[in-house]
Amino acid sequence: MSGKELKIGNITVPYGIMLAPMAGISNHVFRKICREFGVGYTVSEMVSAKALCYDQRCKKTGRAEAPKTAELSAVYPDDYPMAVQLFGSEPDFMSEAATILESCEYKGCRSSLKPAAIDINMGCPVAKVVSNGDGSALMKDPVLCGRIVAAVKKAVSVPVTVKIRAGWSNDCKNAVEVARQCEAGGADAITVHGRTRAEMYSPGIDRRIIADVKRAVSVPVIGNGDIFTSADTVSMLEETGCDGIMVARGALGNPWIFGNIISRFEGTDEHIPSTEERIAMALRHAEMLIKENPVSGLAESRKHLAWYIKGIPGAAAVRSAVMTCTSFDRVRELMMSLILRGDGR
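As the structure is a prediction and not an experimental result, all values here were calculated from the model.

Engineer: So, the overall build of the protein: which residues are in play, and what are the values?
Structural biologist: Helices and strands together make up the secondary structure of the protein, namely 14 helices and 10 strands. Relative to the 2.2 N^0.38 estimate, which gives 20 Å for 345 residues, the radius of gyration of the protein is 20 Å and therefore close to what a compact globule would have. With the C-alpha coordinates of the protein rotated into their principal frame, the extents come out at 60 × 55 × 35 Å. A total of 345 residues make up the protein; the buried ones form 57% of that total. Put simply, of all contacts in the protein between residues at least 6 apart along the chain, 68% involve residues at least 24 apart. With the model as given, the accessible surface of the protein reaches about 14,600 Å², and the carbon-plus-sulfur share is 51%. Seen as two clouds, the 42 positive and the 39 negative side-chain charges of the protein have centres 4 Å apart.

Engineer: Before we move on, can you summarise the nonpolar core with the specific residues and values?
Structural biologist: Counting residues in each nonpolar core, the largest one holds 69 residues, and the members touching the most others are Leu86, Met122 and Ile164. Setting aside anything within four residues of it in sequence, one finds Met122 in contact with Gly135, Ser136, Leu138, Met139, Cys145, Val149, Val162, Lys163, Ile164, Arg165, Val178 and Cys182. Residues Val29, Leu305, Tyr308 and Val318 belong to the second largest nonpolar core, which totals 24 residues.

Engineer: Before we move on, could you go through the side chain of Arg35 and cite the residues and values that matter?
Structural biologist: With respect to the helices and strands, the residue Arg35 is situated in helix α1 (residues 28-36). Judged by relative accessible area, which is 16%, Arg35 ranks as buried. Of note is the side chain of Arg35, whose polar atom sits 3.4 Å from the side chain of Thr42. Only 2.4 Å separates the side chain of Arg35 from the backbone oxygen of Pro81, close enough to count as a polar contact. Those residues in contact with Arg35, other than ones at most four positions away along the chain, are Gly40, Tyr41, Thr42, Asp78, Asp79, Tyr80, Pro81 and Met82.

Engineer: Hey, could you go over unusual backbone geometry for me, with residue numbers and the actual values?
Structural biologist: Here the residue pair Tyr80 and Pro81 is connected by a cis peptide bond, since its omega of 5° sits within 30 degrees of zero. With respect to the helices, strands and loops of the structure, Pro81 is situated in the loop between α3 (68-73) and β5 (82-87). With an omega of 0°, the peptide bond between Ser202 and Pro203 qualifies as cis. Relative to the elements of secondary structure, Pro203 occurs in the loop between β8 (189-196) and α8 (207-216). Of note, Tyr15 is a non-glycine position whose phi angle comes to about 60°, a positive value. Within the secondary structure layout, Tyr15 lies in the loop between β2 (11-13) and β3 (17-19). Positive phi outside glycine occurs at Asp226, with the angle close to 60°. As for its position among the elements, Asp226 is in the loop between β9 (221-224) and α9 (230-240).

Engineer: Explain the pattern of salt bridges to me, and be specific about the residues and the numbers.
Structural biologist: A complete count under the given rule lists 19 salt bridges for this structure. Notably, a salt bridge pairs Lys32 with Asp78, separated by 3.6 Å at the nearest N-O pair. Highlighted residues: Lys32 in helix α1 and Asp78 in the loop between α3 and β5, separated in sequence by 46 residues. Under the relative-accessibility criterion, Asp78 is labelled partly exposed at 36%. Note that Lys173 is salt-bridged to Asp206, the shortest N-O span being 3.1 Å.

Quick notes on the rules
Residues numbered from 1 in each chain as written. Predicted model: local features only at pLDDT ≥ 70, side-chain atom pairs only at ≥ 80, totals over all residues. Heavy atoms only, no water. Helix = DSSP H or I, 4+ residues; strand = E, 2+ residues; numbered from the N terminus. Rg over C-alpha atoms; globule rule 2.2 N^0.38 Å. Buried < 20%, exposed > 50% of the residue type's maximum accessible area, 1.4 Å probe, protein only. Contact = heavy atoms within 4.5 Å. Areas by Shrake-Rupley, 256 points an atom, 1.4 Å probe, with all protein chains shown as cover. Lys, Arg positive; Asp, Glu negative; His and termini not counted. Charge placed at Lys NZ, Arg CZ, Asp CG, Glu CD. Core = buried A, V, L, I, M, F, W, Y, C linked by side-chain atoms within 4.5 Å. Polar contact = N/O pair within 3.5 Å; in protein donor to acceptor, adjacent residues only side chain to side chain. Salt bridge = Lys/Arg side-chain N within 4 Å of Asp/Glu carboxyl O.

The structure is reproduced here in structure tokens:
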């Protein structure tokens, strides 16, 4: 099984490999690093359609800085093609927000590049999102899902994609019905996470539901969930027949996964990073976050540092210490100690 080039409207995705949107994680720095390791398509952190619209309507935000929604929506030249993911449950707000994003004329806009696509979030399972009827709560109303897609599709010229789950619960695995409604509304591609909202992030995904969606619609279907190795990618493609894959947690502290997936497709040797490489990449990631956001970059880097060193002897103690560090020099010292101790004794 070799990864095929994936087409979504006018977008070409090499090998069909994508980086998933992850709230609080998939920022510009993380996407940029994953690009360096071979991923050809990324999606922003999710952006509230209603918040984006209100930010733009308000004559005075009351804040010196640009609206947070503008920061999340920024499309950079080194991160293209990139989709911006919107969440919401009201077609009017969703279409207005999509129009705002495509215009590149909104408050705080950092780039003249419009998103390569608008992605609609119908999969987020967190309580504060679904309690408002957004995210995976939309899975309970397939007709509304189709209406939202149709409204956004009418509002923009770029491709419109959707990310869904297997369903709301084990008693309501309706991904096929939702996918058909989204396709009827004009969706250009559909990503399926093979768990219900009730399952959150465990147990293992149900690949059968991804295969069912692939058979039910004619637009590209992207498989998502439990892709931690190149072998997982191959088995996902073989078992579901999907057109591409979207990597999420498998990339945390492991951007090498993208290069290894490509190596698997091309029949070349995969790369297992050494402890030194992992530490160097972790520190570079932290430095990039601090440079991009001097105020919160160090705090934001802590979770990434923890992911990079997972499994290294002595990592638990270093991770605990890093979580309270207020100095990057001290962080570097702690991280480098993992190399110096070697066997972890």
